[in-house]
Amino acid sequence: MLKLGAYTNFLIAFLHISVFICPEKIFALTGVGDEMAAQAAIHGSIPYLLTVFVMIVFTVFGLYGLSAAGTIRELPFLKFGIYAIATIFLLRGVGELIYESIQGTSSSLETIYSFVAVLVGLLYLLGGREKWNRKM
């Protein structure tokens, strides 16, 4: 489970590279076009810097997943990291679904993103539980 969660994070990080190929179209397609246009109005490099930051975060999440799976060396604060990553993904996914239902603004793209976030969060949560409950 942890490897699948890690590979999903690497895929998400890799997909962020597409922003550098055709930024306006990708930002519009993913639903962040208006926000990124506002950031670009402040300074033209902000959308790109944010994208690089997000790529780094997803890559680190993937590395933690591989570390917990035993594929690479153990990273610091591994147990805390896995459960923190699970919490972040679950809060993002469930929180967005709740927000959309309260606001009545459900878009199919955001719903898909939310379900992917919940899935990845569950992979990290259940993978972490499997790893550390087995050793106890």
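See above for the structure.
Below or above, wherever it landed, is the structure these notes cover. (Residues numbered from 1 in each chain as written. Predicted model: local features only at pLDDT ≥ 70, side-chain atom pairs only at ≥ 80, totals over all residues. Heavy atoms only, no water.)

Applying the stated criterion to the full structure yields five aromatic pairs. Aromatic side chains Phe58 and Phe61 sit 6.5 Å apart centroid to centroid with 85° between the ring planes, which places their arrangement in the edge-to-face category. With a gap of three residues between them, Phe58 and Phe61 both fall in helix α4 (residues 46-69), about one helical turn apart. Residue class for Phe58 comes out buried when judged on its relative accessible area of 16%. Seen in terms of ring centroids, Tyr83 and Trp132 are 5.8 Å apart; in terms of plane orientation they differ by 50°. Their pairing is tilted. On the criterion of sequence distance, the pair formed by Tyr83 in helix α5 (residues 78-103) and Trp132 in helix α6 (residues 108-135) is long-range, its members being 49 residues apart. Among the aromatic residues, those joined into a ring-pair cluster are Phe58, Phe61 and Phe89. When the ring centre of Trp132 is taken as reference, the NZ or CZ atom of Lys131 above it lies at 5.7 Å. (Phe/Tyr/Trp six-rings, centres within 6.5 Å; stacked < 30°, edge-to-face > 60°. Helix = DSSP H or I, 4+ residues; strand = E, 2+ residues; numbered from the N terminus. Buried < 20%, exposed > 50% of the residue type's maximum accessible area, 1.4 Å probe, protein only. Lys NZ or Arg CZ within 6 Å of the ring centre and 35° of its normal.)

All right, on to the packing of helix α3 (residues 33-42) against α4 then. Between α3 and α4, the shortest axis-to-axis distance is 7 Å and the interhelical angle comes to 120°. One way to sum up the angle between α3 and α4 is to call them oblique. Between α3 and α4, the residues in contact are Met36, Gln39, Ala40 and Ile42 and Ile46, Pro47 and Leu50, respectively. Grouping the constituent residues of the contact of α3 with α4 by class yields six nonpolar, one polar and no charged. (Axes fitted to C-alpha atoms, helices over the stretch in contact; angles between N-to-C directions. Parallel < 35°, antiparallel > 145°, perpendicular 65-115°, else oblique. Contact = heavy atoms within 4.5 Å. Nonpolar A, V, L, I, M, F, W, Y, C, P; charged D, E, K, R; others polar.)

Our next topic: the packing of helix α1 (residues 2-15) against α4. Packing of α1 against α4 leaves a shortest axis separation of 8 Å and a crossing angle of 160°. Overall, the two elements α1 and α4 adopt an arrangement that is roughly antiparallel. Handedness of the crossing formed by α1 with α4: left-handed. Residue-level inspection shows Leu2, Lys3, Ala6, Tyr7, Asn9, Phe10, Ile12 and Ala13 of α1 in contact with α4, the latter providing Met55, Phe58, Thr59, Phe61, Gly62, Leu63, Gly65, Leu66, Ala68 and Ala69. The class makeup of the residues in the contact of α1 with α4 is 13 nonpolar, four polar and one charged. (Left-handed = near helix turned anticlockwise from the far one by under 90°.)

Taking 1.5 Å per residue as the helical rise, α4 with its 24 residues ought to reach 34 Å, and the 35 Å between its terminal C-alpha atoms agrees with that figure. Buried residues of α4: Pro47, Thr51, Met55, Phe58, Phe61, Gly62, Tyr64, Gly65, Leu66, Ser67 and Ala68, and no others. Gly70, located one to two residues past α4, shows a positive phi value of around 85°. (Expected span 1.5 Å × (residues − 1).)

The topology assignment puts Met36 in helix α3. Along the primary structure Met36 and Glu130 are separated by 94 residues, whereas in three dimensions their C-alpha atoms are 39 Å apart. In contact with Met36, not counting residues within four places along its chain, are Phe27, Pro47 and Leu50.

Here the focus is the nonpolar core. Tyr64, Ala68, Leu78, Ile82, Ile85, Phe89 and Tyr124 are the most contacted members of the largest nonpolar core, which totals 18 residues. Elements supplying a minimum of two residues to this core: α1, α4, α5 and α6. Look past the residues within four positions of Tyr64 in its chain and what remains in contact with it is Leu75, Pro76, Phe77, Leu78, Gly81, Ile82 and Ile85. (Core = buried A, V, L, I, M, F, W, Y, C linked by side-chain atoms within 4.5 Å.)

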